[in-house]
Amino acid sequence: MLSLFLEVLPVSLLAGLIYTLYKLNKYRKLQEKLPVKKEIIRILFTVYVTGLISLTLLPQNFWTYFYFHVKNGYCNETLAPIFSGGFNFIPSICKWLTGEFTFGSWVKTMLTLNMLMFVPYGIFVYLISGKLQFKNICTVSLIIPLFIELFQPVIGRSFDIDDFILNSLGILVGHYLAFLSHKIILKLKP
């Protein structure tokens with residue numbers, strides 16, 4: 001996971017830099033005051049979403065292939081073929097209950113990381129949009145992971161119901177954590 005993060009980091013930071021330069025130029029042209037806190041949150045969201053897209057909507061070896069090709073002018077590896085992904089519609093918990101599957105440490109780690117990867121999304125949605133109605137955050141938490149999972153087989157990855165469930169749960173948990181933190185901060189203010 002660390003190597004994937006490090007492969008995506010330069011692209012994410014570049015997206016954040018481009019967004020920053022665009023916004024600074026926009027505020028300068030409009031001669032308006034830059035809302036620093038608001039724009040820092042948006043820059044971080046841009047960096048995060050770029051990383052998330054790179055990790056979920058590109059072929060698994062895309063950045064390895066890209067960096068090797070840039071460095072050497074060629075690459076021995078090939079990208080995953082289009083429309084070659086698989087589909088898993090049965091949650092791991094069902095497979096575990098029937099004895100077909102055991103939860104080893106790798107599976108627990110992957111399931112946990114699939115949820116944690118989307119917690120920041122829920123936090124950013126709260127910070128950027130303010131108070132969303134419960135049905136709206138539920139809609140966001142279903143649509144974003146569903147789009148990602150439905151698109152993954154197109155790029156040679158696979159649709160996994162576990163990923164969909166845990167990504168959705170991660171968005172809801174992140175949004176709820178941001179909401180709770182905001183409530184606590186308001187109560188602590190004199």
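Here the residue numbering is sequential within each chain, running from 1 through the sequence in written order. Whole-chain, interface and lining totals are the exception, using all residues; otherwise, since this is a predicted model, local features are given only for residues with pLDDT of at least 70 and side-chain atom pairs are given and counted only at 80 or more. The basis for the side-chain values is all heavy atoms of the structure; hydrogens and waters are excluded.

1. Let's talk about the confidence of the model for the chain
- Of the residues in the chain, 95% have a pLDDT of 70 or more, and the chain-wide mean is 88.
- Within the chain, the lowest mean pLDDT, 75, falls on helix α3 (residues 62-72), and the highest, 95, falls on helix α6 (residues 119-129). Scored from 0 to 100, pLDDT reflects the predictor's confidence in each residue. Secondary structure elements are defined from DSSP: runs of H or I of at least 4 residues count as helices, runs of E of at least 2 residues count as strands, and each element is numbered from the N terminus.

2. Thoughts on the layout of surface pockets
- The rule is simple: put a 1 Å grid over the protein atoms alone, call a set of points where a 1.4 Å probe fits but cannot get out a cavity, call an open set with protein on both sides within 12 Å along at least five of seven lines a pocket, and count a residue as lining if it has an atom within 4 Å of a point. Grid points are joined across faces, edges and corners, and a volume is the space filled by probe spheres set on the points. When its volume is computed, the largest pocket comes out at roughly 700 Å³.
- Looking at the lining of the largest pocket, the elements that each hand over two or more residues are α1 (2-30), α2 (36-56), α3, α4 (92-97), α5 (105-116), α7 (134-151) and α8 (161-188).
- With six residues, the single largest contributor to the lining of the largest pocket is α5.
- Lys, Arg, Asp and Glu make up the charged group, whereas Ala, Val, Leu, Ile, Met, Phe, Trp, Tyr, Cys and Pro make up the nonpolar group; the residues left over, Gly among them, are polar. Each residue belonging to the lining of the largest pocket can be placed in one class, and the counts come to 16 nonpolar, nine polar and seven charged.
- A volume near 320 Å³ is recorded for the second largest pocket.

3. A look at the side chain of N88
- With respect to the helices, strands and loops of the structure, N88 is situated in strand β1 (residues 87-88).
- Here's how the labels work: a residue is buried when its accessible area is under 20% of the maximum for its type, exposed when over 50%, partly exposed in between, all with a 1.4 Å probe on protein chains only. On the basis of relative accessible area, N88 is assigned to the buried category, the value being 17%.
- Those residues in contact with N88 that sit more than four places away from it in its chain are K95, F159, D160, I161 and D162. Two residues qualify as a contact provided that any one of their heavy atoms is within 4.5 Å of a heavy atom in the partner residue.

4. Quick look at the nonpolar core
- Y48, L52, L57, F118, Y121, F124, V125, I137, I148 and I171 form the largest nonpolar core, which has ten residues in total.
- For this core, the leading source of residues is α6, giving three residues.
- Not counting chain neighbours up to four residues away, the residues in contact with L52 comprise L57, M117, F118 and Y121. Buried Ala, Val, Leu, Ile, Met, Phe, Trp, Tyr and Cys residues that are joined via side-chain atoms within 4.5 Å together make up what is termed a nonpolar core.

5. Side note on the packing of α5 against α8
- Interhelical geometry of α5 versus α8 gives an angle of 45 degrees and a closest axis separation of 7 Å. In terms of their interaxial angle, α5 and α8 are classed as oblique. When the axes of α5 and α8 are compared, the crossing they make is right-handed. Packed against α5, whose contacting residues are L111, N114 and M115, the element α8 presents D162, D163, L166, N167, L169 and G170 at the interface.
- Considering only residue class, the contact of α5 with α8 consists of four nonpolar, three polar and two charged. To get an axis, fit a line to the C-alpha atoms, keeping to the stretch in contact for a helix; angles then go from 0 to 180 degrees between the N-to-C directions. If an angle is under 35 degrees, it is roughly parallel; if it is over 145, roughly antiparallel; if it lies from 65 to 115, roughly perpendicular; otherwise it is oblique. Rotating anticlockwise by less than a right angle from the far helix to the near helix defines a left-handed crossing, while the corresponding clockwise rotation defines a right-handed one.

6. With respect to unusual backbone geometry
- Here Q31, not a glycine, exhibits a phi torsion of approximately 55 degrees, which is positive.
- Relative to the elements of secondary structure, Q31 occurs in the loop between α1 and α2.
- Judged by relative accessible area, Q31 falls into the exposed class, the value being 74%.

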